[in-house]
Each structure stands twice: as C-alpha cells, then as structure tokens.
Amino acid sequence: VSVRGQGLTKQVPPQSLLNSRRLYMQILKALKAVDDARGDGKTSPFQSEVHVYVTTTDLKGLAIPLEVMGERVEERRFKCVFHFNHKNGHFGDTYTPFLAFAARATSSFPVAFEPMRLSDIDSVVDLVYPDGKAEKSASAMWIPFMKPFMTPLNPGDVANRAFADGGALDNKPFGHAIDALL
C-alpha cells in the first residue's frame, strides 16, 4: 500500500505512532532542495567554519574493553556523535543521504518514531533520487562515520545497527561546540 502516493509501503503492524520513513523522506527532500538551490556557486566566507554535531544513542552499544582488578571486562558505550564539517565536504550533495540519516536518527523518540538503521535509507533514496545518483547504505563514503562500529570487538552488519534519540544520554551536548571553538 502506498502512503499518500509517496511510494512507501505501509507497515503492518506499524512500528511507531508516526511514519518514520516518511520523516526521513521529508528531511532528505529538504536537504536536497538546499543542495539544488546552492547550484549558483555562492558561498559564505564563514562556510569553512561550519561544524554540526548530531548526537544519537547506539542501541546495541560499542564494546569497550576495560581492565578491572586484573581481569578484562567489557563495558558498552551507547553515546554516539556524528560530526559533520564543511572542510571535509560533508555539506555537499554527496553526503546529503547520510546527513538526513543522522537527523532522522536523533529524532527517533520511543513510540513516536522507530529507531533508525542506515539500511532504512535505501528505498527512500531511490524515491528522492530516481536518477540513481545518490549514495546508499553500502557506500564507502559513510565509512569514516561508521568506522567505530566496524572493530573486531563490534562485529556485525553496521548498516543494520539501530540508532535513536541522542538526548536520551547526551541531553546537553554543548561540549562538542565548546571544543570546536577552542
């Protein structure tokens, strides 16, 4: 079943109160519109200073080895921050699907929107970029962002790792901005 003619199939039963895939599509369309409008070549002199930190919660958690009383134990870290900056080209149209993924992941509030997985972007990217010129979940472009989840201690398919609201564990993420200013 198509959701309002958007080409998105209806979930039965629904996984959240609001349509999570539709939210990703709206974020992606908005960011694509910004990319398309920027085609005039005009840039701000401050553009190279732009940093965006998107906090999320990694629902599986990263395995962190610790030495406790002479024994090795494993702790899990659930806080996650995706750092985007202009100097690395993260605000060009190439990174738009991942930037939209991070925005959608941080808005994953329990019950309202389901957790976001990178693999969730593929069907929506196909709808927004019918020419096939956009990167999808398996893109090597996302490796710098997903590298912490690709360690031997954290095996598994990173594209299917679930992320949720960053405010759950990092409700006042001012430290990232302060560190960037320094």
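Below or above, wherever it landed, is the structure these notes cover. This is a predicted model, so every value here is computed, not measured.

Here we look at the pattern of salt bridges
Logical step 1: For the structure shown, the criterion picks out five salt bridges.
Logical step 2: Its salt-bridge partner being Arg161, residue Asp58 comes within 3.0 Å of it at the nearest N-O pair. With Asp58 in strand β1 (residues 51-68) and Arg161 in the loop between α4 (143-146) and β4 (162-165), this pair connects stretches of sequence that are 103 residues apart. Pair check on accessibility: Asp58 and Arg161 agree, each one buried.
Logical step 3: For the salt bridge of Arg76 with Glu74, the shortest nitrogen-to-oxygen distance reads 3.5 Å.
Logical step 4: Under the relative-accessibility criterion, Arg76 is labelled partly exposed at 33%.
Logical step 5: By relative accessible area, which is 47% here, Glu74 ends up partly exposed.

Let's talk about the side chain of Asp165
Logical step 1: Position of Asp165 among the secondary structure elements: in strand β4.
Logical step 2: Buried and unpaired, Asp165 has Arg104 as its nearest opposite-charge partner, separated by 9.7 Å.
Logical step 3: Look past the residues within four positions of Asp165 in its chain and what remains in contact with it is Thr56, Thr57, Ala105, Thr106, Ser108 and Phe109.

As for unusual backbone geometry
Logical step 1: With a phi close to 50°, Met69 is a non-glycine residue in the positive phi region.
Logical step 2: If you trace the backbone, Met69 turns up in the loop between β1 and β2 (71-85).
Logical step 3: According to the relative accessible area criterion, Met69 is exposed, its value standing at 82%.
Logical step 4: Phi at Val111 takes a positive value of approximately 80°, unusual for a residue other than glycine.
Logical step 5: Mapped onto the fold, Val111 is located in the loop between α2 (96-106) and β3 (116-117).

Quick notes on the sheet that holds β2
Logical step 1: Here we have four strands laid out as an open sheet, ordered β2-β1-β4-β3, and antiparallel in their pairing. The open sheet has two edge strands, β2 and β3, and neither has a second partner.
Logical step 2: As defined by bridge partners, β1 adjoins β2 across 14 bridges and the pair is classed as antiparallel. Among the inter-strand pairings, Val68 is bridged to a residue of β2, identified as Glu71.
Logical step 3: On the sheet, α2 packs against β1, β2, β3 and β4 and is oriented at approximately 75° with respect to β1.

Procedures and definitions
Residues numbered from 1 in each chain as written. Predicted model: local features only at pLDDT ≥ 70, side-chain atom pairs only at ≥ 80, totals over all residues. Heavy atoms only, no water. Salt bridge = Lys/Arg side-chain N within 4 Å of Asp/Glu carboxyl O. Helix = DSSP H or I, 4+ residues; strand = E, 2+ residues; numbered from the N terminus. Buried < 20%, exposed > 50% of the residue type's maximum accessible area, 1.4 Å probe, protein only. Lys, Arg positive; Asp, Glu negative; His and termini not counted. Contact = heavy atoms within 4.5 Å. Pairing = 2+ DSSP bridges. Axes fitted to C-alpha atoms, helices over the stretch in contact; angles between N-to-C directions.

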